[in-house]
Every structure is written in structure tokens, then in C-alpha cells.
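Chain by chain, the residues run as shown.
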Amino acid sequence: MLAEPDRTPYDVNFWLLGFRVRIHPLFWLGTVLLGASTLDLGLLYLVIWVGVVLVSITVHELGHAVAFRRFGSDSHIVLWMFGGLAVPSSGISGRGRRILVSLAGPLAGFILCGVVYASHLATDWGSPRNGLPTAYLYLWLVFVNLYWGIFNLLPVYPLDGGQVSRELCEGKWRGRGVVTSLKISIGTAATVAIYSLACEMERRSRNNIFEFLPDWFPRGSLYTALLFGLLAYQSYQLLQFHSRGYYYEAPDDRVPWEK
Ligand SMILES: [Zn+2]
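Residues numbered from 1 in each chain as written. Predicted model: local features only at pLDDT ≥ 70, side-chain atom pairs only at ≥ 80, totals over all residues. Heavy atoms only, no water.

> I would appreciate a short explanation of the pattern of salt bridges in the present structure.
Opposite charge on two side chains permits them to pair, given that their charged atoms come into close proximity. Applying the stated criterion across every chain yields a total of nine salt bridges. Across the pair arginine 95 and glutamate 167 runs a salt bridge, and its minimum N-O distance is 2.9 Å. Placement of arginine 95 in helix H3 (residues 95–123) and of glutamate 167 in helix H5 (residues 160–173) is noted, with a sequence separation of 72 residues between them. Exposure remark for arginine 95: the relative accessible area of 12% places this residue in the buried category. Across the salt bridge formed by glutamate 170 and arginine 95, the nearest N and O atoms sit 3.6 Å from each other. Here glutamate 170 is found in helix H5, whereas its partner arginine 95 is found in helix H3, with 75 residues between them in sequence. Among the residues examined, glutamate 170 registers a relative accessible area of 3% and is labelled buried. When salt bridges that share partners are traced, they join Arg95, Arg98, Arg166, Glu167 and Glu170 into one network. (Salt bridge = Lys/Arg side-chain N within 4 Å of Asp/Glu carboxyl O. Helix = DSSP H or I, 4+ residues; strand = E, 2+ residues; numbered from the N terminus. Buried < 20%, exposed > 50% of the residue type's maximum accessible area, 1.4 Å probe, protein only.)

Next up, the structure:
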């Protein structure tokens with residue numbers, strides 16, 4: 001499901017902290033489409049948006065890559081249409097280690113968010129007084145790293161939280177664990193999709209359905225409704241596959257005192 005996209009002549013390749021990074025051309029398309037509404041403010045804002053997404057996703061993937069390296073596996077980073085991938089050259093043994101690798105991506109984003117926020121508190125650099133472009137740069141850096149990190153931790157395949165959920169379920173129920181984690185994935189993704197749809201309807205009808213929610217609570221949009229609807233369907237297909245008896249036999253990698 002998380003297969004790496006093929007190489008193209010339009011890839012941008014570079015090295016970062018000893019990791020090979022490849023930017024697939026669809027990364028630019030996906031990011032521009034996602035931030036198309038920033039064009040209302042001007043072309044400069046679209047450029048800032050693309051820069052924020054580029055830095056944020058690279059930092060997230062670097063979190064995974066550093067964790068892979070810590071556990072003895074080399075990896076390379078690919079950015080494409082639907083975010084990024086850190087592709088390891090070898091598997092990681094040990095459930096706890098694999099969970100840490102999954103958590104390392106969102107954690108790196110939260111750290112970047114914290115650094116941006118702390119530097120703003122110290123110097124007030126993100127204030128609109130320093131110009132609207134700077135203010136948006138600050139807001140988007142905080143928004144993307146905080147909220148995308150939180151969304152990524154939802155127990156939905158193939159997000160990082162979905163990987164953690166699968167590891168935890170397999171640790172508890174062995175081979176059947178994957179089916180349980182897929183059911184959790186379908187339930188969560190469907191709930192987010194329905195909530196997002198309701199948020200979109202609220203916005204269009206100007207009824208305050210979610211008035212009771214605090215302002216900081218993330219609101220959904222048509223985009224998140226489609227995204228999570230698709231993820232729910234993908235998990236459903238995987239569940240059909242696994243329920244037909246093609247069980248994934250989890251390797252017995254429990255630590256000695258668990259056996
Ligand atoms: Zn990740």
C-alpha cells in the first residue's frame with residue numbers, strides 16, 4: 001500500500017543529513033492543489049505555502065529516517081502527491097522499535113512546531129506587524145506541523161497512527177490483530193469523514209452545529225471528507241482481503257520475557 005512511486009526525469013534529488021531525498025513531480029502538483037485558495041492572497045502566498053509544506057514533510061520524514069538509522073537501518077526519503085515516505089533498506093525487528101519509528105515522524109513535526117512557536121514568543125517575528133507574508137509563514141508552520149501531526153496519529157491505515165495501532169493489535173491478538181486494527185481504521189476514518197462533511201455543511205448553511213467545540217478544535221473540510229472516505233474504503237478492501245483467510249502471519253518477535 002505504501003509502495004514507492006517510480007523515478008521520473010523530473011525528480012529533484014539531494015542529500016540531507018546523510019539521507020537521500022527525492023521529490024517526485026506530483027509533490028508540487030498535490031501541494032499546489034491543496035493550497036490553491038492561498039492564490040486569493042497572491043502568488044507570493046502560494047510560494048510560502050509550498051515552502052512550508054516542503055519543509056514540514058521533509059522534517060516529518062527525517063524523524064522516521066533518523067529513528068530507522070538509530071535502529072540500524074539505512075533509509076531514503078520520497079516526497080510525492082500524498083505527503084512523504086521514509087523507505088528503509090531493511091526491516092526493523094522488535095515491535096517497540098517499529099512503534100518508535102512510526103511515532104518519530106509526528107514527533108519531529110511537533111518539535112519543529114515548538115521551536116517556531118517559542119521563537120515567535122521570544123521575538124514576536126510572526127506578528128502581522130512584520131508584514132502579512134511573515135504572519136502567514138508563522139501560522140502555516142504551526143498549523144501544518146501541529147494539526148497534520150495530530151491527524152497522522154489517528155489509528156487509520158496507512159497513517160503513522162494506523163501502523164502503531166496495527167503493531168499494538170498484533171502484539172495483543174497475534175495474526176488476528178491486523179483484522180482488529182483494520183476495523184478500528186474503518187471506524188475512525190468513517191467518523192472523521194462524516195464529521196468533515198458535517199463541518200462543510202455547517203460552513204455552507206451557516207448553521208452553528210459545532211458551536212460547542214472550542215475554536216482550536218480542528219474543523220473538517222470537503223478535502224478531509226474525501227481523503228478519510230477514501231482511506232475508510234481502502235481499509236475496508238484490505239479487511240475483505242484478510243477476512244477471506246489470507247491472514248498475515250505476524251513474525252514472533254516478542255521480547256524474550258513475553259514468550
Ligand atoms: Zn509519517
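> Where do I start with the sheet that holds strand E3 (residues 75–80) in this structure?
In a beta sheet, neighbouring strands pair by backbone hydrogen bonds and run either parallel or antiparallel. Taking strand neighbours across the sheet as the criterion, the four strands line up as E1-E2-E3-E4 in an open arrangement whose pairing is mixed. Both outer strands of the open sheet, strand E1 (12–16) and strand E4 (83–88), are each paired with one neighbouring strand and no more. Adjacent strand axes in the sheet meet at a mean angle of 20°, parallel and antiparallel pairs treated alike. Alignment of E3 against E4, held across six bridges, turns out to be antiparallel. Directly across from isoleucine 77, in E4, lies its bridge partner alanine 86. (Pairing = 2+ DSSP bridges. Axes fitted to C-alpha atoms, helices over the stretch in contact; angles between N-to-C directions.)

> Whenever I open this one, the packing of helix H2 (residues 43–70) against H3 confuses me. Can you help?
When two helices pack together, their arrangement is captured by the angle between the axes and the distance separating the axes. The geometry of H2 relative to H3 is characterised by a closest axis approach of 7 Å and an angle of 135° between their N-to-C directions. Regarding the angle of H2 to H3, the classification is oblique. Classified by chirality, the crossing of H3 by H2 is right-handed. Across the interface between the two elements, Val55, Val59, His60, Gly63, His64, Ala67 and Phe68 of H2 pack against Val101, Ser102, Ala104, Gly105, Pro106, Ala108, Gly109 and Leu112 of H3. (Parallel < 35°, antiparallel > 145°, perpendicular 65-115°, else oblique. Left-handed = near helix turned anticlockwise from the far one by under 90°. Contact = heavy atoms within 4.5 Å.)

> How do you make sense of the pairing of strand E2 (residues 19–23) when you look at a structure like this?
A regular strand carries its side chains on alternate faces of the sheet. The buried count for E2 comes to four of five residues, which makes it a mostly enclosed element. One ladder, built from five bridges, connects E1 with E2; its direction is antiparallel. Considered in E2, the bridge of valine 12 is made with isoleucine 23. Of the strand pairs in this sheet, E2 and E3 are connected by three bridges, and their pairing is parallel. Its bridge partner lying in E3, arginine 22 is registered against valine 78.

> Would you mind showing me how to read the packing of H3 against H5 here?
Two numbers describe how H3 lies on H5: the axes approach to 9 Å, and their chain directions differ by 165°. Viewed along their axes, H3 and H5 adopt a mutual orientation that is roughly antiparallel. Between H3 and H5 the crossing geometry is left-handed. Every residue of H5 that contacts H3 at Arg95, Arg98, Ile99, Ser102, Leu103 and Pro106 is listed here: Asp160, Gln163, Val164, Glu167, Leu168, Glu170 and Gly171. A per-class count over the contact of H3 with H5 returns five nonpolar, three polar and five charged. (Nonpolar A, V, L, I, M, F, W, Y, C, P; charged D, E, K, R; others polar.)

> Explain the coordination of the zinc ion here, please?
Six octahedral donors around a metal ideally subtend angles of 90 or 180 degrees, whereas four tetrahedral donors ideally subtend 109.5 degrees. Looking at the zinc ion, one finds its protein donor set to be His60 (NE2), His64 (NE2), Asp160 (OD) and Asp160 (OD), positioned 2.0 to 2.7 Å from the metal centre. In this structure, the zinc ion is surrounded by four donor atoms whose angles at the metal cover 53 to 146°, and the resulting shape is irregular. Motif for the zinc ion, donor spacing along one chain: H-x3-H-x95-D. Of this pair, histidine 60 sits in helix H2 while aspartate 160 sits in helix H5, and the two are 100 residues apart along the sequence. Looking at histidine 60, the relative accessible area reads 10%, which means it is buried. (Donors = N, O, S within 2.8 Å, 3.2 Å for Na, K, Ca; no water. Tetrahedral: all angles 85-135°; square planar, octahedral: opposite > 155°, others 65-115°.)

> Which parts of the structure should I look at to understand the environment of glutamine 163?
Topologically, glutamine 163 is positioned in helix H5. Sequence separation between glutamine 163 and serine 102 is 61 residues, and the spatial gap between their C-alpha atoms is 6.8 Å.

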